[in-house]
Structures are given as C-alpha cells and as structure tokens.
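Now for the letters of each chain:
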There are 2 protein chains.
Amino acid sequence: MIETPYLLFLGDAPDALAAKVARGIRDWRPDYAVGQFRMEGCKADMGLPDMTLAEAKDAGVKTLVIGVANRGGVISAAWKRVLVEALETGFDLASGLHNLLRDEPELVAAAKANGRALHDVRIPTVKYPIADGVKRSGKRCLAVGTDCSVGKMYTALALDAALKEQGVKSSFRATGQTGILITGEGVPLDAVVADFMAGAVEWLTPNNDTDHWDIIEGQGSLFHVSYSGVTMALVHGGQPDALILSHEPTRTHMRGLPGYSLPTLEALRDTALPMARVANPACEVVGIAINTAAMGEDEALAYMAEVEARMGLPTVDPYRQGAGRLAEALQAM
Amino acid sequence: MIETPYLLFLGDAPDALAAKVARGIRDWRPDYAVGQFRMEGCKADMGLPDMTLAEAKDAGVKTLVIGVANRGGVISAAWKRVLVEALETGFDLASGLHNLLRDEPELVAAAKANGRALHDVRIPTVKYPIADGVKRSGKRCLAVGTDCSVGKMYTALALDAALKEQGVKSSFRATGQTGILITGEGVPLDAVVADFMAGAVEWLTPNNDTDHWDIIEGQGSLFHVSYSGVTMALVHGGQPDALILSHEPTRTHMRGLPGYSLPTLEALRDTALPMARVANPACEVVGIAINTAAMGEDEALAYMAEVEARMGLPTVDPYRQGAGRLAEALQAM
C-alpha cells in the first residue's frame, strides 16, 4: 500500500501524453494529488500547485509518484537528483516505470539511509495463493474487451465513481500499473507467475459486505492471443456477478496484431459469459462501454444507439456520458 | 537443454508412485535411461541396471536426473552426499523438485568447482518474448482437458510415439516439469510470468517443416478456475491445427475444487474450438483421449464406444490402446 497524499512528479515530460499516470491520479483520486513537481522543459501541466519538495512536505505529502514516462528507458541523472532529494526530504517513491527504482544504487542507498520505501508497482511484492474458487461474499463487476486498450480501466474507474455518487459501496480494484498508482494498491497482474494469476485476483477481491461492489480493472482480451491468459484469470479469479463489454469501434485490427480482426460484441458476450459462469453461475452481462474518443458527437451517439438496440443493453461512453446508467444496471441486478 | 543420456536417481523412494518422473523417462525415452541409482530403502525399480556413479560414467551418462519426489520438502543430507559425488564424477544434475538445486550451497559449490550445470526445470531460464500471433509453418496438436491431470501429457507422448511409428515427423513439446525431464527441454509454463505465457509457447513451437507435427503438452483446463489462464495461453500461443479432448470419466469434481463439476465433452469442444480458431481458423477437433485407468476393461470399452458414437470422433485410451487412431486422424487432416 502506497501512502497518500502524493506529489506528482512530472519531470521533463515532453508532452501531456507522457504524463498520463499523473493525469489518471488527478482525474480519479484528486484528493490524493496535493501538488505537482515540474523540471525545466516540462510540457505537461495537471493544473495543480507547483511545489518544491519542502513545500510538499509542509503540505503533508507522503509519497512522490512518478507520473510520467521516462525517455529512452533510463532514469536520467537529472531525475535521480530530484528523487534522491525527495527521499532525503522524507518521501517514499512510487513508480510504474520498466526501469525499477530498486535497480538504481543511489536510490536504494538514499531510501535506506532515510528509512523510506521504494514502490516499484510493476513487480509483485505479495506471495499470492493458488486460486481455490470458493465463492466470496459481496458483488463483483469486470469489464471485458473486444481488444486491449479499449477503455476498460477508465470504465471501471467511472463506474466506481458513479456507484459512490449513487450511494452504493464500491471499490475500484487495480490490476495494472497505472491503476495501482492511481489508487495506491492492487495487483500487477501481467507480472504475476502463471500459476498464481487467478489466486492473485481472488486475493485482490476478498469477501466483503453483501451490498458492496468490487469494480475489477480488466486486462487484455479473451480474443487477444498475446494476453488472453491474463484475461481468463480475471474472468475466473474475479468471480464476476456482472460483466461490462468494452469496445472501441474504429479499431481496424487487434492492438499489435495486424493479422487479427476484432470480434463482434456478440462474440465477446457469447465467449465471456459462459466462461464467467464456470466460476459464478449467476453472472450476467449488464452493459456496454464504448470508447468513442475517435468519433464525432453525432456519430458516437448514433453508433451507441444502434448497439443499444441491437444488444438490448445500456450502452454508454463513460468518458462522454459518465457511467451512471451502468451503475444503475448493477443496482438493478 | 539437458544433456543425455541419463542416470535415473531413485534415492530412497518410499514406493513406485514417488518415482513417476523416472517412470516417465523410462517409458517414453528409454534410450535416455542408461541406468538407475538406488539408495538403501528404495522401493522403486525401473527395471534398469543398477549402477554406481563410476559405472554410469563409464556407460556415457551425462546427467543425473532426480526421478523421485523428495520427502517433507527438503533435499536430505543423504541425497546431497550422492548429488555432490555425482557432480564430482562429472555429471550435470537435473531436477523438477520444488526445492531448487541452486538453493543448496553445497551443490552450487560442487557444480562450480567441477564445471557442471544444475538444471532446475521448475524455473524458466529463457527470456521469452511477448506473443506476436504470426502464423507459423508446420502443424501443431494440443490436448485440452475437461480437468487438470486427466492424461494430457500421456496422450501427447503416446501420440508423438504413434506418429513416429507411422513414419510422420513429430516432436513432443514439453510444457511441464515432468515432460521437460522426460525430453530434456521445454517450457515450465506454470512458472512463466503472465505477459509472456503465450510468447513462451510460440517460442517452444517455432516454424517447422510443413509436414512436421508439434505435439504440445497441455496444462490445466479452460474450466479449471485456478489454472485456466495457463490453458488459454496454450490454446492461443500454440496455434493448434488439431485439438484432442481429454477426459477422465470417474472424476466427481474438478481437481482440488470440490464445488466445481466437470464440463461435458461437448462443452469442452464448444469452448475450446472457437478460442483456438482465433489464432488458427483452420483448427479442428480430431479425437478424444479417455483416461480409463479407474475402469475395468469392459466398462472402459463400452464407455469409449458410447463417446465415439455420440461425439463422432475417434475415441481411445492411449494407455490401454495406444494412440494410433489419433495419429491417423491427424494424418487424415
């Protein structure tokens, strides 16, 4: 568990896109985001107060979160000077970079000298159990996609927020690096050893109040040959009561797989639902989340109306429209 | 790759069952099994010449393979004395034990001093790629089961042997510890990090002659909630042209999951085939392998006749009957 609140380190981000982790934290856990730290040349701005490390300390910050991708796969000397100073100021560090903080001797030494923690969220730190498939109390929802990167994390975060707005107990359960940095905890599922994947998901979504919803962040796609095993572990380890189908309508082929076309929403439903019912016979598909970022407003609305009529399920773009209707669908179960 | 031939270390096996790895090697790769090494109290016997380490050296042995499970999860002092002497004699060691050879300082020191290798086949030693889904040349067959431990490895080994007998080019591709020790190479798939599972299977079954069959060892089951993700990676990474359905008819619930009943062969076919066709649209289900070890001869034959009529597919017990009919079904494709 990463201690909050955070100072968001934007470094020398070349553009806003490079700071998407920081953006996610600011959008979804604004109470965690006390300020931002920008270096010379930084082109990203979260609209948060710019703070020195000392100012952040006074503001109660506990952890400096690297909210930006690094360039060229190295943690630069300029970054390292700031990170060492942050440890000396009394902050923990949290990072989802491929380069691990723990592989940098200066950071390890500074963390040790100052009694601080280095959180590399790409690497599991828990010894997960093998899944036992025992039915857990509480309710669970999982978004499954026609492809990778179609908005499953965003959908889950929006659904969690909408449920809370509607007065329903809900937890977003992160299964990827960005989700973990946003919420401060979770399972980096793609880095878990095969035999323990489903058990890690069970561990992530334990018994809970019967009227509580875990909104589990999806990963990959049952139709994406590179990552389908990870998705399968979520479908079985998650024991979802409800599935949301996620889709990006302008995608011409599966992400990173030029030879593979996307399945239809019907094929996704007919594949995912029977598999989910192995672990939870009561599971239902309750709604559809469309990522219409690449479509104009009219086109997007027309497309979603067509899908809603065809599939007979509430169909929304959680970004354009919010996830209120999906939350209502969960409550209606 | 583990160097052959082997001396099979049976240690102080309390019974024949404890030596099932040695049995697998003796049954499936008899040319690798030059002799056996038994300690006082050993109750297992492979029917191979008992050899001292020096005799095995003279017979050309390259690797001592631990063919027996250890007791109480520790490598005993008595074992270690033999293993150190084996390294000093000039043998490599290979083991599928949960306790790793590399975690034993005496073995590490003796291996280093004598320039020998310690093969812990539970642990991947290759940096596997992420699967790219590109169609590979050659043909592939995968056994998928209604449950774990229903005879998929045995079926694959028998099918590989039957194809070779019929003059067809074939390779057994091991994906588990026992299979790796039997054949000397493979991928310990259940120990691979999630993101690389399907890529590890692609790596294991590379481009080959168009008339060559890779017989891929199956793992888990799409219906076993603890391990279904591993199976999914085999179905997609393996790009099978042919699926064999594996089943054990007397099983009353999924292995280790008392609350879960087994799927029907029809459900297995209807789930596995569409998923396999995502990676290989030409895939077909070509036969059924039944593990009838718990049935009498008449009962087994009647059961298989019923399944064959119902499913319209050649149905055999590869142990009782050999896998010749399954091999013919592959050739007929």
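In the block above lies the structure referred to throughout.
Let us look at the structure shown here. (Residues numbered from 1 in each chain as written. Chains lettered and ligands numbered in written order. Predicted model: local features only at pLDDT ≥ 70, side-chain atom pairs only at ≥ 80, totals over all residues. Heavy atoms only, no water.)

### Points about the packing of helix H7 (residues 197-204) of chain A against helix H8 (residues 228-237) of chain A
All names here are of chain A. Quick note on the threshold: The convention used is that axes are lines fitted to C-alpha atoms, helices contributing only their stretch in contact, and that angles between N-to-C directions extend from 0 to 180 degrees. What counts as a helix is a DSSP run of H or I of at least four residues, what counts as a strand is a run of E of at least two, and both are numbered from the N terminus. Here roughly perpendicular refers to angles of 65 to 115 degrees, roughly parallel to angles under 35, roughly antiparallel to angles over 145, and oblique to all remaining angles. Should the near helix be turned anticlockwise from the far one by less than a right angle, the crossing is termed left-handed; should it be turned clockwise, right-handed. Any two residues whose heavy atoms approach within 4.5 Å are treated as being in contact. Here the term charged refers only to Asp, Glu, Lys and Arg, the term nonpolar to Ala, Val, Leu, Ile, Met, Phe, Trp, Tyr, Cys and Pro, and the term polar to all other amino acids, Gly among them.
Running from N to C, H7 and H8 point in directions that differ by 45°, and their axes come no closer than 8 Å. Considering their axes alone, H7 and H8 lie oblique with respect to each other. Between H7 and H8 lies a crossing of right-handed hand. Contacts between H7 and H8 pair Met 197, Ala 198, Val 201 and Glu 202 from the former with Gly 229, Val 230, Ala 233, Leu 234 and Gly 237 from the latter. Looking at the contact of H7 with H8 residue by residue, the class counts come to 6 nonpolar, 2 polar and 1 charged.

### Some thoughts on the interface of chain A and chain B
How we decide: Here's the idea: put two parts together, see how much 1.4 Å probe accessible area each one loses, and the total over both is what we call buried area. Whenever Lys or Arg places a side-chain nitrogen within 4 Å of a carboxyl oxygen from Asp or Glu, that contact is recorded as a salt bridge. As used in this structure description, the phrase polar contact means that two N or O atoms lie within 3.5 Å; if the pair is within protein, one of them must be able to donate a hydrogen and the other to accept it, and residues adjacent in sequence are counted only when both atoms belong to side chains.
Taken residue by residue, the interface counts 32 residues in chain A and 32 residues in chain B. With both chains or domains summed, chain A and chain B bury close to 2,500 Å², and 62% of this area falls on carbon and sulfur atoms. It is Asp 195, Val 225 and Tyr 260 of chain A that lose the most area in chain A upon contact with chain B, and together they represent 19% of the buried surface on that side. At the boundary of chain A with chain B, the tally comes to 0 salt bridges. Counting across the chain A and chain B interface gives 10 residue pairs in polar contact (both at pLDDT 80 or more). For the side of chain A that touches chain B, the elements supplying multiple residues, two or more each, are H7, H8 and helix H9 (265-279) of chain A. Element by element, the count of residues in the side of chain A that touches chain B is highest for H8 of chain A, at 6 residues.

### Focus on the environment of Lys 112 of chain A
Residue and element names in this part refer to chain A. Defined as follows: Only protein chains enter the accessibility calculation, which uses a 1.4 Å probe; a residue whose area is less than 20% of its type maximum is buried, one above 50% is exposed, and one in between is partly exposed.
Considering the arrangement of structural elements, one finds Lys 112 in helix H4 (residues 105-114). Residue class for Lys 112 comes out exposed when judged on its relative accessible area of 73%. Along the primary structure Lys 112 and Leu 87 are separated by 25 residues, whereas in three dimensions their C-alpha atoms are 9.2 Å apart.

### Some remarks on the pairing of strand E3 (residues 63-66) of chain A
Residues in a regular strand project their side chains so that they alternate between the two faces of the sheet. All names here are of chain A. In plain terms, the rule: When DSSP finds at least two bridges between two strands, those strands are taken to pair.
Of the two faces of E3, the one lined by Thr 63 and Val 65 and the one lined by Leu 64 and Ile 66 are each fully buried. Here strand E1 (residues 6-11) pairs with E3 via 4 bridges, running parallel. Across the sheet, residue Tyr 6 finds its bridge partner in E3, namely Thr 63. Inspection of the sheet shows E3 paired to strand E4 (residues 92-95) by 3 bridges, in the parallel sense. Across the sheet, Thr 63 pairs through a bridge with Asp 92, a residue of E4.

### With respect to the pattern of salt bridges
Residue and element names in this part refer to chain A. Taken as a whole, this structure holds 44 salt bridges over all chains when the rule is applied. Measuring nitrogen to oxygen at the nearest pair gives 2.9 Å for the salt bridge that ties Arg 38 to Asp 50. One end of the pair, Arg 38, is in strand E2 (residues 33-38); the other, Asp 50, is in the loop between E2 and helix H2 (53-58), and 12 residues separate them in sequence. Among the charged side chains, a salt-bridge network with shared partners connects Arg 29, Asp 160 and Lys 164.

### Focus: the packing of aromatic side chains
All names here are of chain A. Inclusion rule: Two aromatic rings from Phe, Tyr or Trp, using only the six-membered ring of Trp, form a pair when their centres are within 6.5 Å; if the ring planes differ by under 30 degrees the pair is stacked, by over 60 it is edge-to-face, and anything between is tilted.
Under the criterion given, the structure shown has 12 aromatic pairs over all chains. Ring centres 4.8 Å apart and planes at 80° place the aromatic pair Trp 28 and Tyr 154 in the edge-to-face group. Residue Trp 28 is located in helix H1 (residues 20-28), and its partner Tyr 154 is located in helix H5 (residues 152-165); the two are separated by 126 residues in the primary sequence. Classification of Trp 28 by relative accessible area gives buried; the value is 17%. Under the relative-accessibility criterion, Tyr 154 is labelled partly exposed at 26%.

### Digging into the sheet that holds strand E5 (residues 118-120) of chain B
Residues and elements named next belong to chain B. Ordered by their spatial adjacency, 5 strands build an open sheet running E2-E1-E3-E4-E5, and the pairing between neighbours is parallel. Both edges of this open sheet fall to strand E2 (33-38) and E5, since each of them pairs with a single strand only. Pairs of neighbouring strands in the sheet enclose a mean axial angle of 25°, with direction left out of account. Sheet strands touched by helix H3 (residues 77-89): strand E1 (6-11), E2, strand E3 (63-66), strand E4 (92-95) and E5. Its angle to E3, the strand with the most contacts, is close to 160°.

### Concerning the side chain of Asp 160 of chain A
All names here are of chain A. In this structure, Asp 160 sits in helix H5. Looking at Asp 160, the relative accessible area reads 2%, which means it is buried. A distance of 2.8 Å separates the side chain of Asp 160 from the side chain of Lys 164, its partner in a polar contact.

### Overview of helix H8 (residues 228-237) of chain B
Most of H8 of chain B sits out of view: 10 of its 10 residues are buried. Those residues of H8 of chain B that fall on the buried side of the exposure criterion are Ser 228, Gly 229, Val 230, Thr 231, Met 232, Ala 233, Leu 234, Val 235, His 236 and Gly 237 of chain B. Those residues of H8 of chain B that are buried are in contact with H7 and H8 of chain A together with strand E6 (139-145), helix H7 (197-204), strand E8 (212-216) and helix H9 (265-279) of chain B.

### Observations concerning the relation of the copies chain A and chain B
Here is the rule: Residues below a pLDDT of 70 in either copy are left out; the C-alpha atoms of the rest, at least 70 in both, set the least-squares superposition of the copies.
Superposing chain A onto chain B takes a rotation of 180° combined with a translation of 0.0 Å along the rotation axis, leaving an RMSD of 0.0 Å. What the superposition gives is, in effect, a two-fold axis relating one chain to the other. Here 100% of the contact residues of chain A are again contact residues in chain B; the copies associate through an equivalent surface.

### Things to note about the sheet that holds E3 of chain A
Two modes of strand pairing occur in sheets, parallel and antiparallel, and in both the strands are linked by backbone hydrogen bonds. Residue and element names in this part refer to chain A. Spatial ordering of the open sheet is given by E2-E1-E3-E4-E5, a layout of 5 strands whose pairing is parallel. Both outer strands of the open sheet, E2 and strand E5 (118-120), are each paired with one neighbouring strand and no more. In this sheet, neighbouring strand axes are inclined to one another by 25° on average, regardless of whether the strands run parallel or antiparallel. Pairing geometry for E4 and E5, over 3 bridges, is parallel. Bridging across to E5, Ala 94 finds its partner in His 119. Across the sheet, H1 is in contact with E1, E2 and E3; its angle to E1 comes to roughly 150°.

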